[in-house]
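Residues per chain, in single letters:
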Amino acid sequence: MAKSKKLGYEESLQKLEGILQKVENEEIPIDQLTELVNESMDLLKNCKSMLKGAEKRVEDAFNDMEE
């Protein structure tokens, strides 16, 4: 994944699904597999970060409503 372009959650998820399909359905050379694993890790970190951010915003919104 290009570090310069931050992907959205849906786009990251679609790329992860594409990688999974490729790994499941094709014979992949070990060098390419390593690259796909690294890309997957970056995509997963991106998704996790966005989910944590969304969770924080929801918690903040509920806390604001209680005040």
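Everything below is about the structure printed above this text.
Bear in mind the structure is a predicted one, so any value in this text is a computation, not a measurement.

Q: I tried to follow the pattern of salt bridges on my own but got confused; where do I start?
A: Pairing is possible between side chains of opposite charge, provided their charged atoms come close. Throughout the structure, instances matching the rule amount to one salt bridge. Among the ionic pairs, Lys56 bridges to Asp60, the shortest N-O distance being 2.9 Å. Within this pair, Lys56 and its partner Asp60 are both found in helix H2 (residues 30-66), separated by four residues, close to a single helical turn.

Q: I tried to follow a nonpolar patch on the surface on my own but got confused; where do I start?
A: A cluster of nonpolar side chains, Val37, Met41 and Leu44, forms an exposed patch at the surface whose accessible area comes to about 270 Å². The residue Leu44 is located in helix H2 in this model. We classify Leu44 as partly exposed; its relative accessible area is 46%.

Q: Is there a simple way to think about the nonpolar core in this case?
A: One broad trend across soluble globular proteins is that nonpolar side chains are buried collectively. If you look at the biggest cluster of nonpolar residues, it comprises seven residues: Leu7, Leu16, Ile19, Ile28, Leu36, Leu43 and Cys47. For this core, the secondary structure elements donating two or more residues are helix H1 (9-25) and H2. Here this core takes three residues from H2, the largest share from any one element. Setting aside residues no more than four positions away along its own chain, Leu16 makes contact with Ser40, Leu43, Leu44 and Cys47.

Calculation rules
- Residues numbered from 1 in each chain as written.
- Predicted model: local features only at pLDDT ≥ 70, side-chain atom pairs only at ≥ 80, totals over all residues.
- Heavy atoms only, no water.
- Salt bridge = Lys/Arg side-chain N within 4 Å of Asp/Glu carboxyl O.
- Helix = DSSP H or I, 4+ residues; strand = E, 2+ residues; numbered from the N terminus.
- Patch = residues over 30% accessible without salt bridge, like charges linked within 9 Å, V, L, I, M, F, W, Y side chains within 5 Å.
- Areas by Shrake-Rupley, 256 points an atom, 1.4 Å probe, with all protein chains shown as cover.
- Buried < 20%, exposed > 50% of the residue type's maximum accessible area, 1.4 Å probe, protein only.
- Core = buried A, V, L, I, M, F, W, Y, C linked by side-chain atoms within 4.5 Å.
- Contact = heavy atoms within 4.5 Å.

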